[in-house]
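These are the residues of each chain, in order.
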Amino acid sequence: MDPVINHQPPSPATAETAIECRELTKKFGDFIAVDRISFRVQRCEIFGFLGANGAGKTTAMRMLCGLSYPSSGHATVAGFDVYRQQEKIKQHIGYMSQKFSLYDDLTPLENIKFFGGVYGVAEKEIRERSHDLVRSLGLDREANKLVGGLPLGWKQKLAFAVALFHRPRIVFLDEPTGGVDPVTRRQFWDMIYEAAEKGVTIFVTTHYMDESEYCNRVTIMVDGKIEALDTPANLKHRFACDNMDEVFYRLARTARRSDS
Amino acid sequence: MKRNNVYTHPDAVSADTPIIADRISKSYNKGTVPALSDVSLEVKKGELFGLIGPDGAGKTTLFRILTTLLLADSGQARVSGYDVVQNFKQIRRTVGYMPGKFSLYQDLTVQENLTFFATLFGTSVAAHYELIKDIYEQIKPFSDRRAGKLSGGMKQKLALCCALIHKPEVLFLDEPTTGVDVVSRREFWEMLQQLKQQGITILVSTPYMEEAVRCDRIALIQNGRILQVDTPARIAGAFPVKLYAAKAASIYGLLKDLRAWNQVESCYAFGEWLHVTLRQDTGNGTALIREYAETRAHKQVIIQCIAPTIEDRFIQLATSNALPNGSGH
Amino acid sequence: MKQLFVFIRKEFYHVFRDRRTLLILFGLPLVQILLFGYALTSEVKNIALVVTNASNDVLGQQLTNQLQASAFFKVQEQQLSPTEIERAFKKGHIKAALIIPSGFGSDFIKARHATLQVLTDGSEPNISKTVLQYVTAIVQDFQRAQQPATSVAFTITPELRMLYNEEGNGSINYVPGVLALILMIVCTALTSVAVVREKETGTMEILLVSPFKPVMVLVAKAIPFLILSLVNFAFILLLAVYILNVPIAGSLFLLFMITLLFIATSLSFGLLISNATNSQQVALLISMMGLMLPTIIFTGFIFPLENMPLPFQWISNLVPAKWYYAAVKSVMLKGLGFAYVWKEMGILCVMTILLLTITVNRFKIRFT
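Since the model is a prediction, treat every value here as computed from it, not as a measurement.

About the criteria used
Residues numbered from 1 in each chain as written. Chains lettered and ligands numbered in written order. Predicted model: local features only at pLDDT ≥ 70, side-chain atom pairs only at ≥ 80, totals over all residues. Heavy atoms only, no water. Domains from an automatic or database assignment. Buried < 20%, exposed > 50% of the residue type's maximum accessible area, 1.4 Å probe, protein only. Helix = DSSP H or I, 4+ residues; strand = E, 2+ residues; numbered from the N terminus. Pairing = 2+ DSSP bridges. Axes fitted to C-alpha atoms, helices over the stretch in contact; angles between N-to-C directions. Contact = heavy atoms within 4.5 Å. Polar contact = N/O pair within 3.5 Å; in protein donor to acceptor, adjacent residues only side chain to side chain. Buried area = accessible area lost by both parts, 1.4 Å probe. Salt bridge = Lys/Arg side-chain N within 4 Å of Asp/Glu carboxyl O. Nonpolar A, V, L, I, M, F, W, Y, C, P; charged D, E, K, R; others polar. Phe/Tyr/Trp six-rings, centres within 6.5 Å; stacked < 30°, edge-to-face > 60°. Lys NZ or Arg CZ within 6 Å of the ring centre and 35° of its normal. Core = buried A, V, L, I, M, F, W, Y, C linked by side-chain atoms within 4.5 Å. Left-handed = near helix turned anticlockwise from the far one by under 90°.

## Some words on the domain arrangement of chain B
Then, number 1: Domain boundaries assigned for chain B yield domain 1 (5-236) and domain 2 (240-307).
Then, number 2: Placing a centre on the C-alpha atoms of domain 1 of chain B and another on those of domain 2 of chain B gives a separation of 40 Å.

Written as structure tokens, this is what we have:
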């Protein structure tokens, strides 16, 4: 049997570490946005990062992407230190968010070429691969139309492909499927699986609780702290819930910083 | 506008059907971007009706047409018995509307927002306080806080209070739970149940399929077309074939294998399971799938025949309608 | 009516809770008045002037002393060669040079004709021009003092400015200009942004789906800015009178009426812009590029209109601020009455009615 097909997260003993946090903390004045979080994400893992709005997800993600300095604690991303090697981190990760991903007034090809160029992919390689990429996404006919006119689902798939274009070791996905229809959402997750299989580590946030089940492991943040970190199956077992929605509800209900 | 008196008095049909949309079509940019095609639906008095579909399905367009903010290209619609074009002024007086974003004045306090909208609708906060009491008491401790400083869930509650302040007969809520976390979403649906008890007719839209079950009836909408209108149970029950849930140690491996198998009609991830339908189901699907999975060396294989959900039905309708996935092309 | 009152109150909340709006409202007039009043006036003081006196006679020295006594110049007496003078200009050490030739005194007395050479820095034409005027005036004075009987030439200064501004107070012209500019910004830019903000936040949808008359939204938006503009008007006048010492020569009431009219025109413009746009950025851009710039260029308070090519002069007629500026100048500076400004007021009136008609007719009570 083809070993590639059987996508399993590597066992902790043998795995390479993609992301590691120890006691990572971010304070804004008296407010502790992220409170001593610790976890380890292995290479090729699909790591779900959940939490109520205001729980500190975005702040944590920013620190890991090299966009802001932690107040205390340690973290390495792709082996680089978040304090001293932010530029290195940025070279080796991909990032995609629901809010900003692509330029609406450029075509898919122009977007790929731009972001490829920004990440320092060689001109020749961009030329060779960009057309293949557009074709594999089924965007041949749209290759020269503006991205703004594409359906949301296609945009998000293209954005993901663009985030992977420079062959990053880790991609950070911030609510990549918000508002996307159920069919396209699943196609999107197929792409995520495929990327993980090829050796990319996926760090993803989502509002769809059924999607958290597609992750190898899930953390749930509440009030800046990590309240749970395990496989979806174990979490459901531990909290005696049928689905992740229930698990999340049980944990987030007590939050003081949540939306309610 | 007084020219058309016929419409100013709700007739018998309208009295128990506050929302009627009849073959509504709408396109943007001079007809090049279709938004709604031939949409018809009726919402009965006191009903909690859900419009379920992804972004870009046409939900907001339909809401705007029904709230008199947008003119349809063709078709007719009535709200509370009033024609949305001719009697738009009456409608604007009788409906409550919460647009997609929490449309509040971020620089006004909770109290100021509420007072402003109350006065705008020619009423006072005290007049229908009973209606919003349960919701408002949750945000009352923050009544002097600026709306912009509230959390998403609190904004959502304030926006709902503002939409209810004049005791509308019909309430339009356009994606009230989008971008709000699970806990607040649940609370919000509980609030809607309570409002329903007060006899208010509610049309609510959402992209979250799992919220559909909380409605009395729903319409599934995709690419500007209504796929089906019915009760959530009947929509899920209308799934035409048997649905199997499968799982194995390697779920992605199983997904790929099943998709490669010519017996499989569809296979997609669904939470921790894969949902599978077969091309020709002779009744022994469970055994058949298990057998195949095991020949492909899968371990810990579990196969069950399950009751379809609304999302299953949506996927089935969306893909069988010969529409390319997630697009209008 | 209660609805309108509550709406207007809300608008004031918006204004007083937004630091940027407050800054534009009250910081901008102050800065502009001070900027135009002091820094940017065409009046020049302490101009570095070098006097190279080759005459070595009494008259030459007397002339130098007279220049020195004037507050306009900072005179350095130095014997410089032409190349040295040029170097001093290039280095920016001096802005002007007066060369008194040898034999200046004797020429003046014997031949009744003496020549002087005045050099100015042509790269700064405004200063250059002023320096020439001042030097000419001082030389005239000097000449008259020497021979009172022959004082005929140059007794009339050709510039209007000198006529109505004998003290040489340069800031006087800027007051009407700043008034026009500030009122334009407050009424047009702030009003259009205030309406468009409702569209951006989505509250416009709720306002439309309410019993409140849609057109009243415009009224409710305009009234607060009308009031704020009048406050601004008073503020600028106070600054002008007490800080810049610019007197109000004509009727204060007439000035108020003209201003009210101009505010109405600007508000109509703002509302028209808000009709046509959906984002605050675009609204601001149109206000700035479409109205502020023409106000600065075509009003005549910075660039004289008479010197512009004809097509530009025609265009200037379309700029409301031009008529306001002209009317304010007549009333405030020249002390003229209604009979002299009725034409300007009439034009502003027509513009307002035209703009308002378009705005109200095109106001969308729906989306498209």
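## As for the pairing of strand β4 (residues 72-77) of chain A
Residue and element names in this part refer to chain A.
Then, number 1: Alternating residues of β4 divide into G73, A75 and V77, all buried, and S72, H74 and T76, none buried.
Then, number 2: Where strand β1 (residues 17-28) meets β4, five bridges bridge the pair, whose relative direction is antiparallel. Within the sheet, the bridge partner assigned to I19 lies in β4 and is V77.
Then, number 3: When β4 meets strand β5 (residues 80-81), the two strands line up antiparallel, connected through two bridges. Bridging across to β5, T76 finds its partner in D81.
Then, number 4: Hairpin connection, β4 to β5: the antiparallel pair is bridged by two residues, and A78 has positive phi, about 55°.

## As for the sheet that holds strand β7 (residues 170-174) of chain A
All names here are of chain A.
Then, number 1: Pairing within the open sheet is mixed, and its six strands lie in the order β6-β7-β8-β3-β9-β10. Each of the sheet's edge strands pairs with one partner strand only, and the pair in question is β6 (93-97) and β10 (225-230). With direction set aside, neighbouring strand axes in the sheet form an average angle of 15°.
Then, number 2: Pairing of β6 with β7, which is carried by five bridges, proceeds in the parallel orientation. Within β7, the residue paired with G94 across the bridge is V171.
Then, number 3: Sitting on the sheet, helix α9 (residues 244-252) touches β3 (46-51), β9 (217-222) and β10, and the angle it makes with β9 is about 30°.

## Let's talk about the side chain of E198 of chain C
Then, number 1: In this structure, E198 of chain C sits in helix α8 (residues 174-201).
Then, number 2: Judged by its relative accessible area of 2%, E198 of chain C is buried.
Then, number 3: Of the polar contacts made by the side chain of E198 of chain C, one reaches the side chain of K10 of chain C; its length is 2.6 Å.
Then, number 4: In this view, E198 of chain C contacts Y105 of chain B together with F7, K10, E11, T203, M204, L207 and K221 of chain C; residues no more than four positions away in its chain are not counted.

## A short note on the interface of chain B and chain A
Then, number 1: If you look at the interface, chain B gives 46 residues, while chain A gives 43 residues.
Then, number 2: Summed over both sides, the interface between chain B and chain A buries roughly 3,600 Å², with carbon and sulfur atoms accounting for 55% of that surface.
Then, number 3: It is V183, R186 and Y252 of chain B in chain B that bury the most area against chain A; as a group they hold 18% of the surface buried on that side.
Then, number 4: On inspection of chain B and its partner chain A, the count reaches seven salt bridges.
Then, number 5: Among the salt bridges present, the one from E311 of chain B reaches R185 of chain A, with a minimum N-O distance of 3.7 Å.
Then, number 6: Counting across the chain B and chain A interface gives ten residue pairs in polar contact (both at pLDDT 80 or more).
Then, number 7: Contributing elements (two or more residues each) for the side of chain B that touches chain A: α6 (152-164), α7 (182-197), α9 (251-260), β12 (264-270) and α11 (310-320) of chain B.
Then, number 8: Partitioned by chemical class, the residues of the side of chain B that touches chain A number 19 nonpolar, 15 polar and twelve charged.

## Focus on the interface of chain C and chain B
Then, number 1: In this complex, chain C contributes 27 residues to the contact, which on the side of chain B involves 31 residues.
Then, number 2: Note on chain C versus chain B: buried area summed over both sides is about 2,800 Å², and carbon and sulfur give 63% of it.
Then, number 3: When the area that chain C buries against chain B is broken down by residue, the three leading residues are R17, V209 and R366 of chain C, summing to 26%.
Then, number 4: Summed over the shared surface of chain C and chain B, the result is two salt bridges.
Then, number 5: Among the ionic pairs, E112 of chain B bridges to R17 of chain C, the shortest N-O distance being 2.7 Å.
Then, number 6: Where chain C touches chain B, the interface holds 15 residue pairs in polar contact (both at pLDDT 80 or more).
Then, number 7: Residue assignment for the side of chain C that touches chain B shows that the elements contributing at least two residues are α1 (2-17), α8 and α9 (203-208) of chain C.
Then, number 8: In terms of residues, the side of chain C that touches chain B owes the most to one element, α1 of chain C, which gives nine residues.
Then, number 9: In terms of residue class, the side of chain C that touches chain B is made up of twelve nonpolar, seven polar and eight charged.

## Regarding the packing of aromatic side chains
Then, number 1: The full count for this structure, using the stated rule, is 26 aromatic pairs over all chains.
Then, number 2: Taken together, a centroid distance of 4.5 Å and an interplanar angle of 15° make the contact between Y193 of chain A and Y252 of chain B stacked. Here Y193 of chain A, found in helix α6 (residues 182-197), pairs with Y252 of chain B, found in helix α9, and the two come from separate chains. With respect to burial, Y193 of chain A and Y252 of chain B carry one shared label: buried.
Then, number 3: When the centroid spacing of 6.0 Å and the interplanar angle of 80° are considered together, the rings of F63 of chain B and F172 of chain B count as edge-to-face. Within this pair, whereas F63 of chain B is found in helix α2 (residues 59-66), its partner F172 of chain B is found in strand β7 (residues 170-173), the two being separated by 109 residues in sequence. Across the pair, F172 of chain B and F63 of chain B agree in class, each one buried.
Then, number 4: For the cation-ring pair, K247 of chain B lies above W273 of chain B, with the distance from its terminal atom to the ring centre recorded as 4.6 Å.
Then, number 5: Note that R366 of chain C overlies the ring of F88 of chain B, its terminal NZ or CZ placed 4.8 Å from the centroid.

## Section: the nonpolar core
Then, number 1: Judged by nonpolar contacts, the single largest core of 161 residues is most densely connected at L160 and F172 of chain B together with Y324 of chain C.
Then, number 2: Among the elements that line this core, the one with the most residues is α8 of chain C, at 15 residues.
Then, number 3: When residues no more than four places from it in sequence are discounted, the contact partners of L160 of chain B are M98, I135, L171, L173, F188, M191 and L195 of chain B.
Then, number 4: Counting 74 residues, the second-largest nonpolar core is a separate cluster that includes V121, A163 and M209 of chain A together with I303 of chain B.

## Things to note about the packing of α6 of chain A against α9 of chain B
Then, number 1: Remark: α6 of chain A packs on α9 of chain B, axes separated minimally by 11 Å, with the N-to-C direction vectors making an angle of 115°. Judged by the sense of rotation from one axis to the other, the crossing of α6 of chain A with α9 of chain B is left-handed. Along its contact with α6 of chain A, which presents D190, Y193, E194 and E197 of chain A, the element α9 of chain B presents I251, Y252, L255, K256 and R259 of chain B.
Then, number 2: Its residues assigned to classes, the contact of α6 of chain A with α9 of chain B shows four nonpolar, no polar and five charged.

## Observations regarding unusual backbone geometry
Residues and elements named next belong to chain B.
Then, number 1: Unusually for a residue other than glycine, D38 sits at a positive phi of about 60°.
Then, number 2: Along the polypeptide, D38 turns up in strand β2 (residues 33-43).
Then, number 3: A residue is classified by how much of its surface remains accessible, and D38, at 41% relative accessible area, is partly exposed.
Then, number 4: Positive phi, close to 65°, is recorded for T68, a residue that is not glycine.

## Quick word on the arrangement of the chains
Then, number 1: Contacts are most numerous, across the two pairs of chains in contact, for chains A and B.
Then, number 2: A minimum C-alpha distance of 17 Å separates chain A and chain C, which share no contact.

## Describing the sheet that holds strand β1 (residues 19-28) of chain B
Residue and element names in this part refer to chain B.
Then, number 1: Spatially, four strands are ordered β2-β1-β4-β5 in an open sheet, and the strand pairing comes out antiparallel. Of all the strands in the sheet, just β2 and β5 (82-83) have a single pairing partner and so form its edges.
Then, number 2: Of the pairings in the sheet, the one linking β1 to strand β4 (residues 74-79) comprises five bridges and is antiparallel in character. Across the sheet, the residue bridging to I20 is R78, located in β4.

## Re the environment of I218 of chain B
Residues and elements named next belong to chain B.
Then, number 1: One can find I218 in strand β9 (residues 217-222).
Then, number 2: The buried category is assigned to I218, whose relative accessible area is 0%.
Then, number 3: Between the C-alpha atom of I218 and that of K44, which follows or precedes it by 174 residues, the distance is 12 Å.
Then, number 4: In contact with I218, other than residues within four places in its own chain, are F49, G50, I52, A212, Q228, V229, D230, P232, I235 and I310.

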